[in-house]
Amino acid sequence: MKTNSMGVTNLKISAKMHLFIIISCVIIALGMAVGTVCHFVSNGFYNYSGDYESYKSVTVNYEDIDFSGSGKKPVELISDICAQAFKNQGISDHVVGAGDTNTGGFIEYKFLYGTSDEKLAAAVDAINAEIKNEVVDAGGMQFSYASRHTSEALLGGGVALTRASITIATIIVFHFLYFVVRYKLTMALGALVADVHNLALFLSLTALLRVPTASSIAVYAVITVLATVVGTCFLFDRMRKSLKDESVKKLAAREFADKAANESLKLNLIMPACLAALSVVLFVLLSISSLSPLAILAPVACALVAFAVCAYGTALFAPAIYSGFKALGDKMKSDTDKKSK
Amino acid sequence: MGKVKSAIITALLVAAIVTLSLFAAISCNVPGTNGVSRYNSFLSSIRLGAELSGEATTLLYPEGVISVSDYNLVAEDPDNEDRQEYKDKYVLREGVYVEKDKLEKEAEFVQSIADDAKILSKRLGEKGYTSYSVNVENECKFVIRLSVPTNFTYAAYKEYDASARSEALTEISNTVGRLILNGDVSLRNGEKYDSSSSLLSIKEDFASYFKGVSYYAMGGQHAVKLQLNDEGFKKLNTILLLNSGDSSSDGSSSDSEKSAYIFVGENNVNLTLKMGEALEDKTLYFSSEKSNAQDFAILLGSVVGGDVLLNSYNTDTAGSGTTIIAATPSMGEYAAIYVLAALLLAFIAAIVVSIVRYKKLGLVHTLTCAVYGLVIILSLMLLEITLTVGGAFMIALGLALITFSNFRVFEAIRGETQSGRTLTASIKSGYRKTLTTILDLHIVLLIASIMVALICVGELAACGFIIFIATLASYVLYWFTRFIWYVTSSPVKDKFAFCGFVREVSDED
């Protein structure tokens, strides 16, 4: 990346406005298409988890049973057995939960709704056979331990999704109105487009990449919008300050937007990059303890997508689009001036 | 500011931060109590979301359906009188025992359970759990499976505080027990359903009596707020005045003889009205304990809104309350510790970068970060905000806000010093120049966070509160940085070296 003596980059961002629009539109269209197809043939527009969508599960119950022969804790022993059984059948679990009662416990594995019943049944049989081998006291042996279930969706998160949608819409409108008052109309339009673009891109990418969203989709959509708000504040504040400089003010729309974008580029890239790095650290750390990698992949992958979208949308897309608005605004202004003269 | 004054203020501030940090981070047994009493740190007193502290699960059996173990308890006991009755009455279906009468209209019964599950899902949503699920299983359509987050604190989760764990589970059990109440609203003249008579029974015409029901809290008092419309107000007044001499046949106390009790189905919801006294206001407040008031407000709101459960529900151990099984978090047993470690790394990274870039001025930023950390920990603990992974990202966003606000002002001041100004003049000018940016950024974010906190429910509402606190703290700490800068750099002779700045020396100097 070329930089000048002040360490500021010298990218011609505005010149690539059409390229950015095409890239974004293609990703959004692909995301919508993949989501729609999956809605009809797979588990939904998004790769939902159990709290939003129907799921299949295998529950292993063990009560008053002596597993001391293996030298492992029952929960560890059973999860090892289950992991092997599912691996043998080539199926991956979605979420794992384990509980303890006074006399024993249970482990529940959740699977996507499309998981094959035959494979699950074969895994259940293998788990039951394997657990029976590990029981020390034959008197305490149960007839079976693992059982299969299918749960119907009740959209438990429906209220949360509705409220989150209302909130996001309200924040975007407020952000636009605040910028109209405190900045300029063209900047407010740029911020509005950046908010809507980043949100649409986040939602499309999560659908396109089939990120297991669980209930995270609403939370990370809000995080995307909030991070965009922060980024646009930095970007358009730089532009507002540049407008006070007469020499900069006289620049053409594209040059003006490029100058401000380059000056705020580092900040708008570093902040999402730091947060994305935090997501990766979190993923690595949680991988150590999690019973199910997919359970931690949901929030961390959503966070990564959200911050990547924010970096691209705020640092590159927003200034490019703004240059278009500014050019239009300047043209309208000069036309009006000509008419009045 | 003189050297001594500066040293005292800095020392006091550092001592306060270190002391608070110790209280925030370290849990230990209280000396002299032989491990009986334990001090739980602020951090371990923060409530954790489902992914960090696990879920509580229960199975709900509608009336006419019992679990295999409940059935066996009676049917397999040769001494039990009801043994034959159970064998005649129940039939094994999909892993549970169902009354034969219910199976005569099986499709209707199954549909009613599915409808009830939807109503329960709505009620749990109103409760504001960070995550929850209500499911009817395909293999057994006669049972509803309900999961809510335990919201344990770390101390309760790791059983350092055994009573907190059992209290949390009892609270969940009570809440679930209240939210699964079915039936219609009625006003009765006794505390017990069987021995009292109905004064007013509202079945489907809720709207003709009530405008709405909500939870109300003010100054530590919690209440169910019931709003009557004109007709409901008149009707209720007439009933209370006409029946002032009535007494229930259960031989209850004189107080109960003069009171009317609100029932949902056959359950007394502990909301009472004085008989013989006309109501003065159309809005009634029934004072109660917080959780009680919230749950009954949700329940009555649901019933008044027409969402009446079609079946009565029990858990598998009839008569012993709601059986709740706490499950380990899906992100692993030590997920909370790892989330904390990741956040700690983020704090360390912010501090290291600031020290590398701004030398001793980076230490000022370190103090700011430490205060931010403490403010967040104390707020989460005192306001009982549930921490989830999403919430952890909000804390990180707040840290980024503080760091970039400080770096922005540091850079502006560096720019001023490079143009040849003195440090004092540069600081004044730098703060003045960045103020509009910082103010705009914080105002937009503050209002956005208020919207998230107030409009959203569950995990998002908690995230909204966190980012609200973080934004507020960030703005206050923006000025705090200036104060600390002033205090710590006052006695330093070469202030430019202190900040890692270079000054353009002009001829005028």
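Residues numbered from 1 in each chain as written. Chains lettered and ligands numbered in written order. Predicted model: local features only at pLDDT ≥ 70, side-chain atom pairs only at ≥ 80, totals over all residues.

1. Overview of the overall build of chain A
Link 1 in the chain: The secondary structure content of chain A amounts to nine helices and four strands.
Link 2 in the chain: N-terminal to C-terminal, the α/β element order of chain A is α-β-α-β-β-α-β-α-α-α-α-α-α.
Link 3 in the chain: Across the 341 residues that make up chain A, the buried fraction comes to 50%.
Link 4 in the chain: Intrachain contacts of chain A at a sequence separation of at least 6 include 79% that bridge at least 24 residues. (Helix = DSSP H or I, 4+ residues; strand = E, 2+ residues; numbered from the N terminus. Buried ≥ 20, exposed ≤ 12 C-beta atoms within 10 Å, placed from the backbone. Contact = placed C-beta atoms within 7 Å.)

2. Some words on helix H16 (residues 458-489) of chain B
Link 1 in the chain: Compared with the 46 Å implied by 1.5 Å per residue over 32 residues, the 45 Å span of H16(B) between its first and last C-alpha is a close match.
Link 2 in the chain: Within H16(B), 23 of the 32 residues are buried, leaving the element largely enclosed by the surrounding structure. (Expected span 1.5 Å × (residues − 1).)

3. Let's talk about the pairing of strand E13 (residues 259-264) of chain B
All names here are of chain B.
Link 1 in the chain: Most of E13 is tucked away: six of the six residues are buried.
Link 2 in the chain: Here E13 shows two buried faces, one formed by Ser 259, Tyr 261 and Phe 263 and the other by Ala 260, Ile 262 and Val 264.
Link 3 in the chain: Relative to E13, strand E9 (residues 185-188) runs antiparallel, the two sharing four bridges. By the bridge assignment, Val 185 is partnered in E13 with Val 264.
Link 4 in the chain: Relative to strand E14 (residues 267-274), E13 is paired through five bridges, and the arrangement is antiparallel. Of the residues in E14, the one forming a bridge with Ser 259 is Lys 274. (Pairing = 2+ DSSP bridges.)

4. Examining the sheet that holds strand E12 (residues 221-228) of chain B
All names here are of chain B.
Link 1 in the chain: Read across the open sheet, the three strands follow the order E11-E12-E15; overall the sheet is antiparallel. Each having just a single partner strand, strand E11 (210-218) and strand E15 (283-288) make up the two edges of the open sheet. Between one strand axis and the next, the sheet turns by 20° as a mean value, whatever way the strands run.
Link 2 in the chain: Here E12 runs beside E15; their pairing, made up of six bridges, is antiparallel. Counted as the bridge partner of Val 224 is Phe 286 from E15.
Link 3 in the chain: Contacts from helix H11 (residues 290-304) reach E11, E12 and E15 within the one sheet, and its direction differs from that of E11 by about 165°. (Axes fitted to C-alpha atoms, helices over the stretch in contact; angles between N-to-C directions.)

5. Examining the sheet that holds strand E6 (residues 96-99) of chain B
Residue and element names in this part refer to chain B.
Link 1 in the chain: Here three strands make up an open sheet; going across it, the order is E4-E6-E5 and the pairing antiparallel. Strands at the two margins of the open sheet, each flanked by one partner only, are strand E4 (65-66) and strand E5 (90-93).
Link 2 in the chain: Taken together, the two bridges between E4 and E6 define a ladder with antiparallel strand orientation. Note that in E6 the partner of Val 65 across the bridge is Val 98.

6. Here's the deal with unusual backbone geometry
Residue and element names in this part refer to chain B.
Link 1 in the chain: Of note, the phi angle at Asn 151 is positive, near 55°, even though the residue is not glycine.
Link 2 in the chain: The residue Asn 151 is located in the loop between strand E8 (144-149) and helix H7 (154-157) in this model.
Link 3 in the chain: Even without being glycine, Glu 384 reaches a positive phi, approximately 55°.
Link 4 in the chain: Its location among the elements puts Glu 384 in the loop between helix H13 (361-382) and helix H14 (389-418).

7. Structural notes on the domain arrangement of chain B
Residues and elements named next belong to chain B.
Link 1 in the chain: With domains assigned, chain B is organised as domain 1 (3-45 + 333-499), domain 2 (55-156 + 318-327) and domain 3 (181-308).
Link 2 in the chain: Taken together, the contact between domain 2 and domain 3 spans five residues of the former and five residues of the latter.
Link 3 in the chain: The residue inventory of the side of domain 2 that touches domain 3, partitioned by class, reads one nonpolar, no polar and four charged. (Domains from an automatic or database assignment. Nonpolar A, V, L, I, M, F, W, Y, C, P; charged D, E, K, R; others polar.)

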